[in-house]
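Examination of the molecular architecture
Here are the chains, one letter per residue:
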Amino acid sequence: MVKVIGVKFKTSGRVYYFDPLDLDIHAGDGVIVETARGLEFGEVAIAPKEVEEREIIAPLKPVTRIATDEDRRMRAQYAAKEDEAFQICAEKIAAHGLDMKLVDVEYTFNGSKVVFYFTADERVDFRELVKDLAYSLKTRIELRQIGVRDEAKMLGGIGPCGRLVCCKAFLDDFRPVSIKMAKEQNLSLSPTKISGLCGRLMCCLQYEQSAYEAIRSRMPKPGKEVNTIDGVGVVVENNAITERTKVRLTMDDGSIDVREYPYTHLSSPGEPLPAAALESRKTEADAEKDANAQFRKEAASNSRRGARPGTKTQNAQKQQDNPQNAQKQQDKSQNAQKQDKPNPQPKQSNAGQKQDNGNPPTAQQKPTEKTERAPDAGNPKPEQKKENNRRRRSKRRKPNNTAPAAEKNN
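Numbers given for residues are sequential positions, taken from 1 along each chain in its written order. Given that the model is predicted, a residue must reach a pLDDT of at least 70 before its local features are reported, and side-chain atom pairs must reach 80 or more before they are shown or counted; all residues, however, enter totals for whole chains, interfaces and linings. Here the side-chain values reflect all heavy atoms present in the structure, with hydrogen atoms and water set aside.

**Details of the overall build of the protein**
When its secondary structure is counted, the protein shows 14 helices and 12 strands. In this scheme, a residue with accessible area under 20% of its type's maximum is buried, one over 50% is exposed, and one in between is partly exposed, where area comes from a 1.4 Å probe on protein chains only. Among the 410 residues that make up the protein, the fraction classed as buried is 28%. Residue-level accessible areas treat just the shown protein chains as cover; the underlying method is Shrake-Rupley with a 1.4 Å probe. For the protein, the accessible area works out to roughly 27,700 Å², and carbon and sulfur atoms hold 50% of it. Strands here mean DSSP runs of E at least two residues long; helices mean DSSP runs of H or I at least four residues long; both are numbered from the N terminus.

Next comes the structure, spelled out in structure tokens:
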């Protein structure tokens, strides 16, 4: 076992192990360490602890010293010059006409070197640019080309989820992501939906991949025959999120039905069903039995105290108890026959009455007309009602047309 501390040089950077020696170091302290770029100022992210030797990269470099107030002041002083150096470099790039995009600038701890990070589609000859920058800044210059993922990590931004992108928030390193992960998770393969700010596949596709692989290894493969509580069927589709499997079954009447079961309720043909499937069938049968018993209990209770208006129990009871139902059915059949054969109307009598007095029918004559048609009408259908209304209107119009003729004759 080796005693180490974890040091980070950036907020979202990787954690590097160093030898704390005998220094009293705590998490959050500033330390000065020796790196490949020289002396660097870093913050302790992991307090001193013991790890196995296979987890470290030899040789393990020691901590130079704990950062003092002067070290912190020097670090802030050179960090304030980074914006000016960025502006100078951008102007030099435009002057030389180089096809490159400047991303970030970083001064080392003691200002001995300035590192410029840029992106470019192809290799760029920036030798003349380095000379101009060294002459303007009076220090050592380093230009480092980075990828689009590193650019997103440095600049940050808001992801499709509405939160800070993972690479800026907590990811210490990039892990490989493939389109196969999106397919196995049944995600849309549209590039705009599975790509991050950097234009590459989103890092979060890798988070749940191990869980999907584990559950799919236990679920039956599509096209395989399985035994269900409803018989033998063929697997159509698996849903790793709900852990359910769609099975195509051939029923006894020859029809085909697709049903969904938990994959733990399935077995290979010839093998007994799991106990969970049998227990599920028993539970469903008991629930159905309880529902039927509850329905019968409610029906009996409604019949004893009288059903409320509009309920099915009351309607059924009315149909059974009312002795006039048979008579109503007979009247309906008679009305259907009368619809085909129109009833003769006493047109002459009404016309004669209007010819005698020249006035339309009074209110006393209308009830007589209704009482004469009531036995014939019964309970007319909508079509018969329309026909009766049409005849009634025609009878009212004809006396009005004949009345003036009668007056002229008189």
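**Here's the deal with unusual backbone geometry**
Notably, Lys138 is not glycine yet its phi reads approximately 55 degrees, a positive angle. For Lys138, the location among the structural elements is in the loop between helix 3 (127-137) and strand 8 (140-145). Judged by its relative accessible area of 62%, Lys138 falls in the exposed class. You will see that Glu243, though not glycine, has its phi angle at about 60 degrees, which is positive. In this fold, Glu243 is placed in the loop between strand 10 (231-239) and strand 11 (244-250).

**So, the pairing of strand 6 (residues 101-107)**
In terms of burial, strand 6 is a largely internal element, 5 of the 7 residues being buried. Relative to strand 7 (residues 113-119), strand 6 is paired through 6 bridges, and the arrangement is antiparallel. Considered in strand 7, the bridge of Asp104 is made with Tyr117. Should DSSP find at least two bridges between two strands, the strands are regarded as paired. From the end of strand 6 to the start of strand 7, which pair antiparallel, there are 5 residues, and Gly111 there has a positive phi angle of about 75 degrees.

**Examining the side chain of Gln209**
With respect to the helices, strands and loops of the structure, Gln209 is situated in helix 8 (residues 209-218). Under this definition, polar contacts are N or O atom pairs within 3.5 Å; protein pairs additionally need one hydrogen-donor-capable and one acceptor-capable atom, and for neighbouring residues in sequence, both atoms have to be side-chain atoms. Polar contacts involving the side chain of Gln209 include one to the side chain of Gln185, which spans 3.2 Å. Sequence-distant contacts of Gln209, defined by excluding residues within four places in its chain, comprise Met181, Glu184 and Gln185. In this description, contact between two residues means that some pair of their heavy atoms is separated by no more than 4.5 Å.

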